[in-house]
Amino acid sequence: MGFMDKLRNRFKQNAETEEVSEKYKEGMEKTRNSFSSKINDLIARYRKVDEDFFEELEEVLITADVGVNTVMDLIDELKMEVKRRNIKDTKEVKEVISEKLVEIYYGDDSQQIEELNLQEDGLTVLLVVGVNGAGKTTSIGKLANQLKSEGKNVVLAAGDTFRAGAIEQLEVWGERAGVDVIKHTAGSDPAAVIFDAIKAAKAREADVLICDTAGRLQNKVNLMNELEKVKRVIEREVPGAPHEVLLVLDATTGQNALSQAKTFSESTDVSGIVLTKLDGTAKGGIVLAIRHELNIPVKFVGLGEKMEDLRKFDANAFVYGLFADMLEDE
Amino acid sequence: MAFEGLADRLQSTIKKITGKGKVSEQDVKEMTREVRLALLEADVNFKVVKDLIKRIKERAVGQEVMESLTPGQQVIKVVKEELTALMGGEQSKIAVADRPPTVIMMVGLQGAGKTTTTGKLANLLRKKHNRSPLLVACDVYRPAAIKQLKTLGSQLDMPVYSLGTEANPVDIATQALEKAKADHHDYVIIDTAGRLHIDTDLMGELSEIKAQVKPDEIFLVVDSMTGQDAVNVAESFNEQLDITGVILTKLDGDTRGGAALSIKAVTDKPIKFAGMGEKLDQLEPFHPERMASRILGMGDVLSLIEKAQENVDEKQAKELEEKMRTMSFTFDDFLEQMGQVRNMGPLDELINMLPGANKMKGLKNAQLDEKQISQVEAIIQSMTKKERQEPDIINASRKKRIAKGSGTNVSQVNRLLKQFSEMKKMMKQMTNMQKGKKAKGMKFPFM
Ligand SMILES: Nc1nc2c(ncn2[C@@H]2O[C@H](COP(=O)(O)OP(=O)(O)O)[C@@H](O)[C@H]2O)c(=O)[nH]1
Ligand SMILES: [Mg+2]
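Worth saying up front: this structure is predicted, and the values here are computed from it rather than measured.

Asker: Any chance you could explain the interface of chain B and chain A here in plain terms?
Answerer: Often, the extent of an interface is quoted as the loss of accessible area on bringing the components together. Contacts between the two partners involve 44 residues from chain B and, on the opposite side, 48 residues from chain A. The contact between chain B and chain A buries some 4100 Å² in all, and 56% of this surface belongs to carbon and sulfur atoms. Put simply, chain B and chain A have 4 salt bridges between them. With a closest N to O distance of 2.9 Å, Lys 50 of chain B and Glu 59 of chain A form a salt bridge. Joining chain B to chain A, the criterion identifies 17 residue pairs in polar contact (both at pLDDT 80 or more). Residue assignment for the side of chain B that touches chain A shows that the elements contributing at least two residues are α2 (25-41), α3 (46-61), α7 (145-156), α16 (347-353) and α17 (361-365) of chain B.

Asker: Whenever I open this one, the site of ligand 1 confuses me. Can you help?
Answerer: Residue and element names in this part refer to chain A. Taken together, 20 residues lie around ligand 1, and Gly 135, Lys 136, Thr 137, Thr 138 and Glu 305 are the ones closest in. Thr 138 places a side-chain nitrogen or oxygen 2.6 Å from an oxygen atom of ligand 1. Contact with the protein chains removes 95% of the 580 Å² of surface that ligand 1 exposes when unbound. Sort the elements by how many residues they give to the shell around ligand 1 and helix α7 (residues 136-149) lands first, with 4 residues. Of the residues that constitute the shell around ligand 1, the class distribution is 3 nonpolar, 10 polar and 7 charged.

Asker: Whenever I open this one, the sheet that holds strand β5 (residues 217-223) of chain B confuses me. Can you help?
Answerer: In sheet architecture, strand pairing relies on hydrogen bonds along the backbone and comes in two forms, parallel and antiparallel. All names here are of chain B. The strand order β3-β2-β4-β1-β5-β6-β7-β8 describes an open sheet built from 8 strands, whose pairing is mixed. Each edge of the open sheet carries a strand with a single partner, namely β3 (160-161) and β8 (283-285). Pairing between strand β2 (residues 133-137) and β3: 2 bridges, direction parallel. In the sheet register, Leu 135 faces β3, and the bridge partner there is Val 160. Those strands touched by helix α9 (residues 200-213) are β1 (102-107), β4 (187-191) and β5, and its axis lies near 175° from that of β1.

Asker: So what exactly am I meant to see when it comes to the packing of aromatic side chains here?
Answerer: The geometry of two aromatic rings is summed up by the distance between their centres and the angle between their planes. Within this structure, the stated rule accounts for 2 aromatic pairs over all chains. Plain terms: the ring middles of Phe 219 of chain B and Phe 273 of chain B are 6.5 Å apart, the flat faces sit at 90° to each other, and that makes the pair edge-to-face. Highlighted residues: Phe 219 of chain B in strand β5 and Phe 273 of chain B in strand β7 (residues 271-275), separated in sequence by 54 residues. In this pair, the class of Phe 219 of chain B matches that of Phe 273 of chain B, namely buried. Judged by centre distance (4.0 Å) and plane angle (20°), the ring pair of Phe 331 of chain B and Phe 420 of chain B falls under stacked. With Phe 331 of chain B in helix α15 (residues 331-343) and Phe 420 of chain B in helix α21 (residues 410-440), this residue pair connects regions lying 89 residues apart in the sequence. The buried category is assigned to Phe 420 of chain B, whose relative accessible area is 3%. The ring of Trp 173 of chain A has Arg 176 of chain A sitting right over it, with the charged end atom 4.6 Å from the ring centre.

The rules behind these values
Residues numbered from 1 in each chain as written. Chains lettered and ligands numbered in written order. Predicted model: local features only at pLDDT ≥ 70, side-chain atom pairs only at ≥ 80, totals over all residues. Heavy atoms only, no water. Contact = heavy atoms within 4.5 Å. Buried area = accessible area lost by both parts, 1.4 Å probe. Salt bridge = Lys/Arg side-chain N within 4 Å of Asp/Glu carboxyl O. Polar contact = N/O pair within 3.5 Å; in protein donor to acceptor, adjacent residues only side chain to side chain. Helix = DSSP H or I, 4+ residues; strand = E, 2+ residues; numbered from the N terminus. Near = heavy atom within 4 Å. Areas by Shrake-Rupley, 256 points an atom, 1.4 Å probe, with all protein chains shown as cover. Nonpolar A, V, L, I, M, F, W, Y, C, P; charged D, E, K, R; others polar. Pairing = 2+ DSSP bridges. Axes fitted to C-alpha atoms, helices over the stretch in contact; angles between N-to-C directions. Phe/Tyr/Trp six-rings, centres within 6.5 Å; stacked < 30°, edge-to-face > 60°. Buried < 20%, exposed > 50% of the residue type's maximum accessible area, 1.4 Å probe, protein only. Lys NZ or Arg CZ within 6 Å of the ring centre and 35° of its normal.

Spelled out as structure tokens, the structure:
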């Protein structure tokens, strides 16, 4: 069975995936069109697999914000593969390209779907971190709504005590999702808010506590220390927590996203990524680089500003979305 | 990490060339390839890089580089010149309408930093230009966006015009303008909701606001961490609104900021200001030539020097050098020095302006704790005048007293004393060394 068939089959295996893929297709229309039409265009123009072909392929990938290093590695591997299989026709290369890209996503574990680490019993604590304006608070609102609709009892902690209006913003999301928000006044110590929120979540026998934090640029040492302190409070109060540290990344971000993923991981041990604003024209290729270089999985993607616009990240669907045109062509 | 400065990148190529005598076209090709990678790593848009590389190659193959004794440095010089030319000159003027009020519109993607920048701009207009702006809350979509602007307004003690979230942004802007005229405000700054450049409805709303209030400035606010997509965003906003300028935010981060170059290239509109922090006074004029260095990973040395010059006066510096040389440097001088360094701003910010600082992990985490510095200050302040001048007299009982007075312990006092004496030794060495070097003419390796 060819690679494309495998991918297609894996896709048809469950109906839910089908639905997910539709939503991806919608949200990622722009991304997919430009990306795969470029690759198709490229393949149509070049019959021969030569240096020019690879150079142009490199362009396609770089404009998708795939990290430069990742692209270089990928191109090297492709060149080797093409040589090994003695491929002369660009059409065949198409297969190899997708294969390699998918390999980066999946690693060895091709069936892995990135689920949230939710506890069966007791409180699950999620800590949400990221730079300013990435979409933390919005994603928390969406996530709270999603978890609540799954029957979970959710509490939110207003840990951004710094930015003007941040507490009120989370409160609006709390109202929309119908979940409680634990807050202190603006300017107070975020660690203290989180401490109280944990107490409140325990008292209410909540299933999930989602902790919002103020946006911070990763090179601000003092602010990163503050974040570590927040995490220590959670560790101390709930054994085994935080069960997830979610880094919220704006898909529009370029190579700095790697630095964000790296530095936030160093101080808070990031377990997953929420990739927001994929409804724009940004390609989200940075996901590849982050998987490739730091091995952090993407768990959710943001596809708009409404409460429903958060999707579980599904690597299959994501890659299928990127390559849908190519697959359907065959 | 993946980020290397251009100079680092060129190192190996340069090594190959030196010793060979002549630079071949192949060498130039390799060098321009490194330049290309450096620019791409800095998020400069692909097409922009392509054009640049073409020009750089033309110049590099010519005499300028190939006949130079230091081809590597020559390439960097050419690249820097090309980037600086593309970035254009410094332009941080804000329009003034013939008949007040002057109207400024803030536009951009979600999360770019429009609201904060609105506050900063208002602050700047009042502080530097003695103006009295009216802020207008037109973001009726994002939860608590109005509250955010109102909070900034009250921090600045400036009025904010709002009609709540039910009103139409076009009406809000129109009525705000009337209000500003009635209340004799000379500036009106309209904060709009973040939106995607491909959202036709919301982009249409901006056009309508523009048609109604006829703004004198439309600032596109862009996150400096933006990747390749910056060109699409800037191009769309500019096409639909004919923006008058750009404000780049979050430049206090560690991004290379290649988006700046891309935006300038596709819009040809000046980048006027840069957001340098979350506080309301952290909006600075944008310096194109410094941005060029930063994109190339050469650090914002100029800003650092400027900051130092702002804070250290010439005479003091001379005195200090004399003291360092004659070893008469005391704890009092030390305290004063620390004060000066602190006046320059938070230490981590300073460190980040240094070239290569990103890579120096140790530097980042080690000595930068402001708390530690406060402790050192407390210890010195607990010394008597005599102890500060002659630290040798500090015996065990004195140490105990100092520790107690400063809320530290004896081993911390010991550590500081040791560091101080080592520092004095080092100073002497350094001043001697500098004298030697000066004679030969000291030069930065890549400037
Ligand atoms: N188009 C779009 N906008 C988003 C998405 N996620 C967040 N936003 C917007 O991005 C802006 C910043 O979000 P916010 O949650 O306040 O970011 P925070 O500072 O990280 O908490 C807001 O205007 C959000 O509505 C997304 O997936 N798509
Ligand atoms: Mg927030």
